[in-house]
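Structural features, examined
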Amino acid sequence: MQNENGWWGLDPGSISSIGNNHYPLYALYLADPDDTSTQKALNWFKSYNPNQPIWYIVTTMGLAYVGETIVMPTRLNQLMNAQNADGGWGDHTGWPSSLSRTCMAIIGLSLAKELGHSEVDPCLTEALNWVYAHYTKPYLTGEYTRVYPTGLIIGAISPLLDPSNTTIETVSYTHLTL
């Protein structure tokens, strides 16, 4: 249930939060880019800026999904400047890099690159290197130890693949194999 400000909470009627709200924005946009609900969500996306890496990641993904070009350069710069020295991203400034946030950033950067933003290449390379260096880290235990990180990584790198070729070599990232 969309809040009056155009965004969604974690539960119906709760305060608006960052969460994974780029997905409903994308779904609304695909259904009808000119609909009032879509425009409310997009306007909130463009205007709200809490100055945290998780926000830059989510907004970059959302804006790239809908092909937004006016605010995108600002959000991309914020996202690239929020990258940790190790090549990954955490939820907040100074927080350790995490696999989920870094993979989400890779998706956003990849989509932005598809829109013609080649300035993301160095950050994208550093992020892919971070994932390669950390993807065997046991984030979960038991039978899901390898499933969750593998799913995140496949989701992050799939936009970078050439559909006619099923290897990662198409992005000059040969040491990660599926």
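The sections below set out a description of the structure shown in this document. None of these values were measured; they are calculated from a predicted model.

Running from N to C, helix 1 (residues 22-31) and helix 2 (residues 36-47) cross one another at 140°; their axes reach a closest spacing of 9 Å. Overall, the two elements helix 1 and helix 2 adopt an arrangement that is oblique. For the crossing formed where helix 1 meets helix 2, the hand is left-handed. Residues His22, Leu25, Leu28 and Tyr29 of helix 1 form the contact with helix 2, whose own contacting residues are Ser37, Thr38, Ala41, Leu42 and Phe45. Of the residues that constitute the contact of helix 1 with helix 2, the class distribution is 6 nonpolar, 3 polar and no charged.

On to the nonpolar core. Within the largest apolar cluster, 43 residues are counted, with the highest numbers of intra-cluster contacts made by Ile57, Leu79, Trp89, Ile106, Leu109 and Val131. Counting only elements with at least two residues in this core, the list comes to helix 2, helix 3 (53-65), helix 4 (72-81), helix 5 (99-114), helix 6 (121-134) and helix 7 (147-157).

With that out of the way, let us pick up the pattern of salt bridges. With the rule as written, the count across this model stands at 3 salt bridges. Where Glu68 meets Lys46, a salt bridge forms, and the shortest distance between an N and an O atom there is 3.8 Å. With Glu68 in the loop between helix 3 and helix 4 and Lys46 in helix 2, this residue pair connects regions lying 22 residues apart in the sequence. Lys46 gets classed as partly exposed once you look at its relative accessible area, which sits at 26%. Salt-bridge contacts for Arg101 lead to Asp91; the nearest nitrogen and oxygen are separated by 2.3 Å. In this pair, Arg101 sits in helix 5 while Asp91 sits in the loop between helix 4 and helix 5, placing the two residues 10 residues apart along the sequence.

Reading the values: the criteria
- Residue numbers restart at each chain and count upward from 1, following the sequence in its written direction.
- Predicted model: local features are reported for residues with pLDDT of at least 70 only, side-chain atom pairs are reported and counted for 80 or more only, and whole-chain, interface and lining totals are derived from all residues.
- To get the side-chain values, all heavy atoms of the structure are used, and hydrogens and water are removed first.
- Axis geometry follows a simple rule: fit a line to the C-alpha atoms, using only the stretch in contact for helices, then measure angles between N-to-C directions, giving values from 0 to 180 degrees.
- Secondary structure is summarised from DSSP: a helix means a run of H or I of at least four residues, a strand means a run of E of at least two, and numbering begins at the N terminus for each.
- Here roughly perpendicular refers to angles of 65 to 115 degrees, roughly parallel to angles under 35, roughly antiparallel to angles over 145, and oblique to all remaining angles.
- By the definition used in this description, the sense in which the near helix is turned from the far one sets the handedness, with an anticlockwise turn below a right angle giving left-handed and a clockwise turn giving right-handed.
- Residues count as neighbours in contact if any of their non-hydrogen atoms are within 4.5 Å of one another.
- Under the scheme applied, nonpolar residues are Ala, Val, Leu, Ile, Met, Phe, Trp, Tyr, Cys and Pro; charged residues are Asp, Glu, Lys and Arg; polar residues are all the others, including Gly.
- Think of a nonpolar core as a cluster: buried Ala, Val, Leu, Ile, Met, Phe, Trp, Tyr and Cys residues, connected wherever their side-chain atoms sit within 4.5 Å.
- Burial classes: relative accessible area under 20% of the type maximum marks a residue as buried, over 50% as exposed, and values in between as partly exposed (1.4 Å probe, protein chains only).
- For salt bridges, the criterion is a side-chain nitrogen of Lys or Arg within 4 Å of an Asp or Glu carboxyl oxygen.

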